[in-house]
Amino acid sequence: MASRSYSNLLELASGEPPSISQIRRRIPRVMTVAGIISDLDTDSDSEGTSPSSSSSPRDRTILVANQLPIRACRRADGRGWEFSWDEDSLLLQLKDAIGDHVADMEFIYVGCLRDEIPPADHDEVSQVLLETFKCVPAFLPADLIARYYHGFCKQQLWPLFHYMLPLSPDLGGRFDRSLWQAYVSVNKIFADKILEVINPDDDFVWVHDYHLMVLPTFLRKRFNRVKLGFFLHSPFPSSEIYKTLPVREELLRALLNSDLIGFHTFDYARHFLSCCSRMLGLSYESRRGYIGLEYYGRTVSIKILPVGIHMGQLKSVLTLPETEKKIKELKDQFLNQGRVMVLGVDDMDIFKGITLKLLAMEELLKQHPEWRRKVVLVQIANPARGRGKGVTEVQAESFATMKRINEAYGAPPDYEPIILIDDPLPFSHRIAYYVVAECCLVTAVRDGMNLIPYEYIISRQGNQQLDNVLGLDSSTPKKSMLVISEFIGCSPSLSGAIRVNPWNVEAVTDAMVNALEMKEQEKQFRHEKHYKYVSSHDVGYWANSFLQDLQRACRDHSQRRCWGIGFGLRFRVVALDTNFRKLAMEHIVSAYKRTRTRAILLDYDGTLMPQASIDKSPSSKSIEILNALSRDKNNVVFLVSARSRATLSDWFAPCESLGIAAEHGYFFRLKRDAEWQTCVPVADCSWKQIADPVMRLYTETTDGSTIEDKETALVWSYEDADPDFGSCQAKELLDHLESVLANEPVSVKSGQHIVEVKPQGVSKGLVAQRLLSTMQERGSESGFILCIGDDRSDEDMFEVITTSLASTSISPATEVFACTVGQQPSKAKYYLDDTAEIVRLMQGLASVSEQALRTQQNGELST
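Enquirer: Would you take a moment to explain helix 2 (residues 90-98) for this structure?
Expert: Residues L91, L92, Q93, L94, A97 and I98 constitute the buried set of helix 2. Looking at the packing, one finds that the buried side of helix 2 touches strand 1 (59-67), strand 3 (81-85), strand 4 (105-112), strand 6 (204-208), helix 10 (311-318) and helix 19 (539-554). Capping the start of helix 2, S89 holds a side-chain oxygen 3.3 Å from the backbone nitrogen of L91, two or three residues further along.

See the structure below:
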């Protein structure tokens, strides 16, 4: 049953492509543009492939963001529109800068325009943008934009991702389901626009930021093998914050429909992985430096790399006449007056910490009178991207604080310690302020990447022309100083910066004084270190690295068999080996009837008994099924479990002919009345005296963990512990045990919520090997082998059986069915969905055996 959060959006979320007439109505005659639109009149197949297009052989990437890198304005005569590139857009900088790294890459843009275009102009604008700029606009009604962008994005997602909970109506917006539905609707509109231009077999799709977090689900539903990357440019909050979002699972599952998910810092990625673990039960692992999440047979890769700046654009602005002119003005205003400029550049919003910066400046003037009339804080306040009461309050508070400090420490008309500029500044003027500023101060309390420090460093490097303007010797090493908040994305990258907690005003003041009074040589050394990093890790490097990883993440798409499951926003794709398929009941029953000698190996927990069950003892139905199968003289039935032989003997006492292998096969018996045997020589368990105290130590420090002491093994379980802490403790315990037991004849293994120590060489594969060998020695080689299990330990059985078949240890005519539970990567060739299907299968085979037995008994009576 679909969640009510999108129950009325199932049609919307279906992912069905728009009709051809709709496409033509939106973008007339666009289909004639070479390399953009394929023959849309040809149907695509069920696997998400599309007809071949007339695209050029170049690699092509579709860049999707909330806004297109386009500026639009009405013509002076009021007839039509004029368009130009938005040089400040990251998407345009990405395309321009990546040319230095990738020689032959084509980009198409999908997004909204900043200006509202009348419906009558949609067709003309669409065609012009596609033919001239390779942009596909998504036109949204004003009321939908208000609910989607200013509503859900800016009132709910953005505050939450910046750690602001809606504890009261004044602190961010309370969750509003109508705004969520608007958000989903817009993401669906974007998906439809992508469908108009995509060639899913060849194109890559790169989606940007939190505005489009459910878009991957719509694309993956339409094209199961779409090559899809997503990069989040904002912070991702900790699980304790994120879990308060009512649609938390829908957003997580939507992001997991990407092939690659990018974050600026490890902290943001770690929070995302923690949410996936706590809310979806997913675990991740690092392989050869790449972090991956296994999600229904697909590996979702995690990329951690901060975005950079466009070096070419910044250097070109430094050479502009207007930049030079503004630098001369600032030199006269500050440097020639003996003033030292400290610069802040921030958006006027509640998370930038502008007021905290002003208070730190006030504290500096109070505690260090020697800096009065010398230091000036210039705060450039860019217009806020959002709107609302919070923005207005920050603006009012900032101006009131500035006025109070200037009145207390200023000396009109010559000196004002704080200058607050809230008028829009040309980029060249902002660069001029960077060039003149002795120190850049960033005190955001929570921010995404924040490229202001990067721009400052490159601007301070300058060029020979600016050195002449400033009266500097070009041979003198450049210098810069950064005081930055610990809570911004670029902080980990700038190891030479003075990092501060912006909430600690006194600490910020001390950092400012430290930056101002630091020795010149130290400033030069820090600047050189920063410049080397920033100049080599520009936006082109970032984009090229992401696209390379996206190609790597998608390289096995064609080798996997894919199909979609789930409704609405819970849709996901299962990707498995082409030879891996569901076990058909009629197929196995037919083989069962044809054969006369059969071997059946069954795991217990997770196979015959659901993992989530509280009572793990077998039901009367399971006992009846196992009895019916084991009473058949043509069958050898073995239950292979990690449980102790005492437990299994008690639970399956009614099963007289059932073979049991306990403790992963260390102990086994062929029938109830047979003696227990061992698959390996009797083990010396003196190692328990070493392992037990270590496990107890971790049990005491990990709430919810337990120890199970078996005859030949020790198991530490953290199933009921905190998943993150339990997993962390399990890794530590694994290393600890491997260290202290290095000279003991045991192996230390991790499993599903467990760490186990057992004798070396013991595995469920031994049972399978022993059973097959015994049947061969008796001259009754099996014509039918069924092996079913659900976890890593059962893979040993699958491996033995498949290896034996390949090496002809088993007759090629043998009917072999290695089957795992659930659609997951496995050495087994078949799968069944859950324990209920396993039980139905076993019940079907048991019915065949009972029917054969009745037929035999009736035949004997008649004779």
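Enquirer: Would you explain the nonpolar core in this entry?
Expert: One recurring pattern in soluble globular proteins: nonpolar side chains tend to sit buried together. Ranked by internal contacts, the top residues of the largest apolar core, which has 187 residues, are V64, Y183, F236, L251, L256 and F272. Apart from residues no more than four positions distant in its own chain, L251 is found in contact with L157, W180, Y183, M213, V214, Y242 and L245. Listed in part, the 43 residues of the second largest apolar core include W651, Y666, V762 and L832.

Enquirer: Sorry, what's going on with the environment of V574 here?
Expert: Checked against the element boundaries, V574 lands in strand 19 (residues 572-577). Separated by 201 residues in the primary sequence, V574 and R373 have C-alpha atoms spaced 67 Å apart. With near-sequence residues (within four places) excluded, V574 lies in contact with Y296, R561, C562, W563, I565 and Q823.

Enquirer: Is there a simple way to think about the packing of helix 8 (residues 248-255) against helix 9 (residues 266-280) in this case?
Expert: Helix-helix packing is described using two parameters, namely the angle between the two axes and the distance between the axes. One can describe the packing of helix 8 onto helix 9 by two numbers: an axis separation of 11 Å at closest approach and a directional angle of 120°. By the angle between their axes, helix 8 is oblique relative to helix 9. Of the two elements, helix 8 crosses helix 9, and the hand of that crossing is left-handed. For the pair formed by helix 8 and helix 9, the contact residues are R248, E249, L252, R253 and L255 on the first element and F272, C275, C276, M279 and L280 on the second. Along the lines of polarity and charge, the residues of the contact of helix 8 with helix 9 split into 7 nonpolar, no polar and 3 charged.

Enquirer: Could you clarify how one ought to interpret the pattern of salt bridges in this entry?
Expert: Pairing between side chains of opposite charge can happen when their charged atoms approach one another. Summed over all chains, the structure comprises 46 salt bridges. Among the ionic pairs, D259 bridges to R298, the shortest N-O distance being 3.8 Å. Placement of D259 in the loop between helix 8 and strand 8 (260-263) and of R298 in strand 11 (residues 298-304) is noted, with a sequence separation of 39 residues between them. Two residues, E520 and K523, come together in a salt bridge whose shortest N-O distance is 3.9 Å. Pair noted here: E520 and K523 are both in helix 18 (residues 520-536), with a separation of 3 residues, about one helical turn. A relative accessible area of 38% places E520 in the partly exposed class. Under the relative-accessibility criterion, K523 is labelled buried at 2%. It is possible to trace a salt-bridge network through shared partners that takes in E438, R460, K479, E520 and K523.

Enquirer: Help me understand unusual backbone geometry, please; the structure alone is not making it clear to me.
Expert: Keep in mind that most residues, glycine aside, have a negative phi and that most peptide bonds are trans. The linkage connecting P412 with the following residue, P413, adopts the cis geometry, with an omega of 0°. Along the chain, P413 turns up in the loop between helix 13 (389-409) and strand 14 (418-421). Positioned with a positive phi, Y296 is a non-glycine residue whose angle comes to about 55°. Note that Y296 resides in the loop between strand 10 (290-295) and strand 11. Judged by relative accessible area, which is 29%, Y296 ranks as partly exposed. Look at E663: it is not a glycine, yet its phi comes out positive at around 50°.

Enquirer: Explain the packing of aromatic side chains here, please?
Expert: The tally for this structure, following the rule as stated, stands at 29 aromatic pairs. Between F152 and Y183, the aromatic rings sit 4.8 Å apart at their centres with planes inclined by 45°, giving tilted as the arrangement. Of this pair, F152 sits in helix 4 (residues 142-161) while Y183 is found in helix 5 (residues 177-195), placing the two residues 31 residues apart along the sequence. For F152, a relative accessible area of 0% gives the class buried. The class of Y183 is buried, set by a relative accessible area of 0%. Members of the aromatic cluster, connected to one another through ring pairs, are Y148, F152, F175, W180 and Y183. Against the face of Y592 rests R598, its NZ or CZ located 3.8 Å from the ring centre. Against the face of F667 rests R645, its NZ or CZ located 4.0 Å from the ring centre.

Enquirer: Honestly, the sheet that holds strand 6 in this entry has me stumped. Any pointers?
Expert: The strands making up a sheet associate through hydrogen bonds between their backbones, and the pairing can be parallel or antiparallel. If you walk across this open sheet you meet the 9 strands as 5-4-1-6-7-8-11-10-9, and the pairing is mixed. Each edge of the open sheet carries a strand with a single partner, namely strand 5 (135-137) and strand 9 (284-287). For this sheet the average axis-to-axis angle between neighbouring strands, irrespective of direction, equals 25°. For strand 6 and strand 7 (residues 227-231), the ladder comprises 5 bridges, and the chain directions are parallel. Following the sheet pairing, W206 is matched in strand 7 by G229. Here helix 3 (residues 122-133) sits on the sheet in contact with strand 4 and strand 5, set at roughly 160° to strand 5.

Thresholds applied
Residues numbered from 1 in each chain as written. Predicted model: local features only at pLDDT ≥ 70, side-chain atom pairs only at ≥ 80, totals over all residues. Heavy atoms only, no water. Buried < 20%, exposed > 50% of the residue type's maximum accessible area, 1.4 Å probe, protein only. Helix = DSSP H or I, 4+ residues; strand = E, 2+ residues; numbered from the N terminus. Contact = heavy atoms within 4.5 Å. Polar contact = N/O pair within 3.5 Å; in protein donor to acceptor, adjacent residues only side chain to side chain. Core = buried A, V, L, I, M, F, W, Y, C linked by side-chain atoms within 4.5 Å. Axes fitted to C-alpha atoms, helices over the stretch in contact; angles between N-to-C directions. Parallel < 35°, antiparallel > 145°, perpendicular 65-115°, else oblique. Left-handed = near helix turned anticlockwise from the far one by under 90°. Nonpolar A, V, L, I, M, F, W, Y, C, P; charged D, E, K, R; others polar. Salt bridge = Lys/Arg side-chain N within 4 Å of Asp/Glu carboxyl O. Phe/Tyr/Trp six-rings, centres within 6.5 Å; stacked < 30°, edge-to-face > 60°. Lys NZ or Arg CZ within 6 Å of the ring centre and 35° of its normal. Pairing = 2+ DSSP bridges.

Just geometry here; none of it tells us what the structure is for.
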